[in-house]
Amino acid sequence: MANREELRKLPSVDRLSGHPKVVELRDRWERDRLNLIIRRVLEDERKLIASGASCPSEEALAQKVVWGAAGWEEPSLKPVINATGVILHTNLGRAPLSPEAIRAMVGVGSGYSNLEFILEEGQRGSRYVHAEELLCRITGAEAALVVNNNASAVLLVLAGLAHGREALISRGHLVEIGGGFRLPDVMRQSGARLVEVGTTNRTYLRDYQEAMSEETAIILHVHHSNFQMAGFVHETPLPDLAALARRRDAKLVNDLGSGALLDTDPMGLAHEPTVQEGLADGSDLVCFSGDKLLGGPQAGIIVGDARLIGRLKAHPLTRAIRVDKLILAGLQATLIPYLNGRATERIPVWQMLASPIEELEARAERWRAELEGQGAQVEVVDSRSTVGGGSLPGQTLPTRALSISVPDPSGLAHRLRVGEVAVVARVEHDKLLLDPRTVLPHQEEDLLRAVSEALKG
Ligand SMILES: *Cc1c(COP(=O)(O)O)cnc(C)c1O
């Protein structure tokens, strides 16, 4: 039975809108919108009272209206400090952008640009020229095309080159990318007929040969970006597939996923096939993401044969998945350091991959000194950072993390996530871990303040 007595104490919308705290909101809010916020607060309150709570004071209700109004204005998408040590965390937005990329995006976004305009001629141009030259110079490809993301790049390539025809793919390459997104489903959407070849663990050149027909337009090779195959496995080498495709008038399309432009080996990681290698191995087209190991904004990049790229540029689907000016600006600025050999110094993802252990240790030690004596046991421990984002599965990098011991580490992790500055940390073996590798230097002060606050409970 609802508490009628308490319910009757609830003020009316009119009355609450006259409270001085609510009156102050009238500068920012139209009357109708403000009344709507007040009504929502009163509705919530009615439910609470119905389940046994007592009616709050008018002062408290007015405060709830103030918070409610602030909540309506607060963007749901906001910056987060990533202390997980997962460098390309898809749920946390993958690659953080370089200062140069941000500057370029601000520059192009805050006014007009020559996005589709040839300044020399005063004529209409194409947006697709902008990152193309850079991509060709870096990868050695003849031509390049940038679209919305890599999933749409793969869809475009299949729709553009294999619609109504066959695309061969090894059963070992029929992967789920993540977020429930499965390659066979993408392939079907393109109108290409999927022809599965070989077995999950072993696919030989002869399997492809036997499946080839007049109808075969494409051989699709997909990099195992987010899982490992070990044991009794066989992959058909790319150069063999390239030779077969060439002989049979089909095209070899190589979905590399992360699309590294630099070697990962010097970072102490396994070898991630690079875009340049994909082309050198004879792929007609190579597709990859802009926001994985490349370290730029979300984009799908297709490089390779100029005639094929030309066909894709003219395909109607290209218009539907076209890339925005901000992304092109950010992508260009991200690519330039690759030309100058300065990518590991300038691009956050590569800085993180290349962080020396001594530097990580020094940062963790600084954090320990700051946080000591704040009610928790803190120490610097050995841990592992991961690359993530569908790159280098199972590969980790040694790191030095700050370990915080509290009675309820999950509770602490929750308080950090919902604090004023959101921090995402890792809980391992009943300790809360903060990995300096993925915390950008300019975030350190905010991080330490957030942890201090969260430790207060
Ligand atoms: C990540 C990935 C994709 C999807 O790329 P998005 O840019 O996220 O659309 C496609 N294929 C492979 C092999 C991948 O690793």
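Look up: the structure comes first, before these words.
None of the values given here were measured: they were computed from a predicted structure.

## Thoughts on the side chain of serine 17
Piece 1. With respect to the helices and strands, the residue serine 17 is situated in helix α2 (residues 13-17).
Piece 2. The contact partners of serine 17, leaving out residues within four places of it in the chain, are Val22, Val23, Arg26, Asn35 and Ile38.

## Re the side chain of histidine 221
Piece 1. Structurally, histidine 221 is set in strand β10 (residues 216-222).
Piece 2. The exposure class assigned to histidine 221 is buried, which follows from its relative accessible area of 10%.
Piece 3. At 3.4 Å, the side chain of histidine 221 forms a polar contact with the side chain of glutamate 235.
Piece 4. Once you skip the residues sitting within four places of it in the chain, histidine 221 turns out to touch His173, Glu235, Thr236, Leu238, Leu241, Leu252, Val253, Asn254 and Asp255.

## With respect to the sheet that holds strand β18 (residues 431-434)
Piece 1. Here 5 strands make up an open sheet; going across it, the order is β2-β14-β15-β18-β17 and the pairing mixed. Only two strands of the sheet have a single partner each, and these edge strands are β2 (86-88) and β17 (426-428). Direction aside, the axes of adjacent strands within the sheet are offset by 40 degrees on average.
Piece 2. Pairing geometry for strand β14 (residues 377-388) and strand β15 (residues 391-405), over 11 bridges, is antiparallel. By the bridge assignment, valine 380 is partnered in β15 with leucine 402.
Piece 3. Sheet strands touched by helix α18 (residues 357-371): β14, β15 and β18. Its angle to β15, the strand with the most contacts, is close to 30 degrees.

## With respect to the layout of surface pockets
Piece 1. Estimated volume of the largest pocket: approximately 1,300 Å³.
Piece 2. Along its surface, the largest pocket is lined by 41 residues, and Val80, Pro96, Leu97, Leu440 and Gln443 are the ones closest to its centre.
Piece 3. Elements represented by at least two residues in the lining of the largest pocket include exactly β1 (80-82), α6 (99-109), α17 (348-354) and α18.
Piece 4. Looking at side-chain class alone, the lining of the largest pocket contains 21 nonpolar, 11 polar and 9 charged residues.
Piece 5. A volume near 600 Å³ is recorded for the second largest pocket.
Piece 6. Arg94, Ile177, Gly178, Ser289 and Lys292 are the residues nearest the centre of the second largest pocket, which is lined by 29 residues in total.
Piece 7. Elements with a contribution of two residues or more to the lining of the second largest pocket: α8 (150-162), β7 (176-178), α9 (183-189) and β11 (251-257).
Piece 8. Residue classes in the lining of the second largest pocket are distributed as 10 nonpolar, 15 polar and 4 charged.

## Some details on the site of the ligand
Piece 1. As a structural note, the neighbourhood of the ligand is formed by Arg94, Asn149, Asn150, Ala151, Ile177, Val222, His223, Ser225, Asp255, Gly257, Ser289 and Lys292.
Piece 2. Aspartate 255 places a side-chain nitrogen or oxygen 2.7 Å from a nitrogen atom of the ligand.
Piece 3. One of the side-chain nitrogen or oxygen atoms of serine 289 is found 2.6 Å away from an oxygen atom of the ligand.
Piece 4. For the ligand, whose unbound accessible area comes to 380 Å², protein coverage reaches 93%.

## Comments concerning the sheet that holds strand β12 (residues 285-289)
Piece 1. One open sheet holds the 7 strands; their spatial order is β5-β13-β12-β11-β10-β6-β9, and the pairing between them is mixed. If you trace the sheet from one side to the other, it starts and ends with β5 (143-147) and β9 (193-197), each paired once. Between one strand and the next, the sheet's axes are offset by a mean angle of 20 degrees, whatever the strand orientation.
Piece 2. As paired strands, β12 and strand β13 (residues 300-304) are joined by 5 bridges and run antiparallel to one another. Along β13, the bridge assignment pairs valine 286 with valine 303.
Piece 3. Contacts between α8 and the sheet are confined to β5, β6 (166-170), β10, β11, β12 and β13, with β12 contributing the most and set at about 155 degrees to the helix.
Piece 4. Where helix α13 (residues 306-313) meets the sheet, it contacts β5, β11, β12 and β13, and its direction lies at approximately 30 degrees from that of β5.

## Focus: the packing of aromatic side chains
Piece 1. As enumerated under the stated definition, the model contains 1 aromatic pair in all.
Piece 2. Ring centres of tryptophan 29 and tryptophan 72 lie 6.3 Å apart, and the angle between their planes is 75 degrees; this geometry places the pair in the edge-to-face category. Here the residue tryptophan 29 occupies a position in the loop between α3 (20-24) and α4 (31-50), and tryptophan 72 occupies one in helix α5 (residues 58-73), the gap between them amounting to 43 residues.
Piece 3. Classification of tryptophan 29 by relative accessible area gives buried; the value is 12%.
Piece 4. You can call tryptophan 72 partly exposed: its relative accessible area is 38%.

## Some details on the pairing of β14
Piece 1. Pairing of β2 with β14, which is carried by 2 bridges, proceeds in the parallel orientation. Of the residues in β14, the one forming a bridge with valine 86 is threonine 386.
Piece 2. Hairpin geometry of β14 and β15 is characterised by an intervening segment of 2 residues between the two adjacent antiparallel strands and by a positive phi of about 60 degrees at glycine 389.

## A look at the packing of helix α7 (residues 132-139) against helix α15 (residues 325-339)
Piece 1. Two elements in contact, α7 and α15, have axes separated by 10 Å at closest approach and are oriented at 25 degrees. One way to sum up the angle between α7 and α15 is to call them roughly parallel. Crossing geometry of α7 relative to α15 is assigned as left-handed. For the pair α7 and α15, the contacting residues are Leu134, Leu135, Arg137 and Ile138 in the first and Gln332, Leu335, Ile336, Tyr338 and Leu339 in the second.
Piece 2. Of the residues that constitute the contact of α7 with α15, the class distribution is 7 nonpolar, 1 polar and 1 charged.

## Some details on the nonpolar core
Piece 1. Formed by 42 residues in total, the largest nonpolar core has its most connected members in Val303, Leu335 and Leu353.
Piece 2. Of all the elements, α15 adds the most residues to this core, at 5 residues.
Piece 3. For leucine 353, the residues in contact, after removing those within four places along its chain, are Ile87, Met267, Leu269, Leu293, Val387, Leu397 and Arg437.
Piece 4. Counting 29 residues, the second largest nonpolar core, distinct from the first, contains Ile169, Ala217, Leu220 and Ile309.

## Focus: the pattern of salt bridges
Once their charged atoms are close, side chains differing in charge can pair, the charge on each being opposite to the other.
Piece 1. Under the criterion given, the structure shown has 29 salt bridges.
Piece 2. The partner of lysine 9 in a salt bridge is glutamate 6, and the shortest N-O contact between them spans 2.7 Å. Of this pair, lysine 9 and glutamate 6 both sit in helix α1 (residues 4-9), 3 residues apart, which is roughly one turn of the helix.
Piece 3. Taken together, the shared-partner salt bridges in this structure form one network comprising Glu116, Arg124, Arg127 and Arg322.

Criteria and thresholds
- Residues numbered from 1 in each chain as written.
- Predicted model: local features only at pLDDT ≥ 70, side-chain atom pairs only at ≥ 80, totals over all residues.
- Heavy atoms only, no water.
- Helix = DSSP H or I, 4+ residues; strand = E, 2+ residues; numbered from the N terminus.
- Contact = heavy atoms within 4.5 Å.
- Buried < 20%, exposed > 50% of the residue type's maximum accessible area, 1.4 Å probe, protein only.
- Polar contact = N/O pair within 3.5 Å; in protein donor to acceptor, adjacent residues only side chain to side chain.
- Pairing = 2+ DSSP bridges.
- Axes fitted to C-alpha atoms, helices over the stretch in contact; angles between N-to-C directions.
- 1 Å grid on protein atoms, 1.4 Å probe; cavity = no way out; pocket = protein on both sides within 12 Å on 5 of 7 lines; lining within 4 Å.
- Points joined across faces, edges and corners; volume = space filled by probe spheres on them.
- Nonpolar A, V, L, I, M, F, W, Y, C, P; charged D, E, K, R; others polar.
- Near = heavy atom within 4 Å.
- Areas by Shrake-Rupley, 256 points an atom, 1.4 Å probe, with all protein chains shown as cover.
- Phe/Tyr/Trp six-rings, centres within 6.5 Å; stacked < 30°, edge-to-face > 60°.
- Parallel < 35°, antiparallel > 145°, perpendicular 65-115°, else oblique.
- Left-handed = near helix turned anticlockwise from the far one by under 90°.
- Core = buried A, V, L, I, M, F, W, Y, C linked by side-chain atoms within 4.5 Å.
- Salt bridge = Lys/Arg side-chain N within 4 Å of Asp/Glu carboxyl O.

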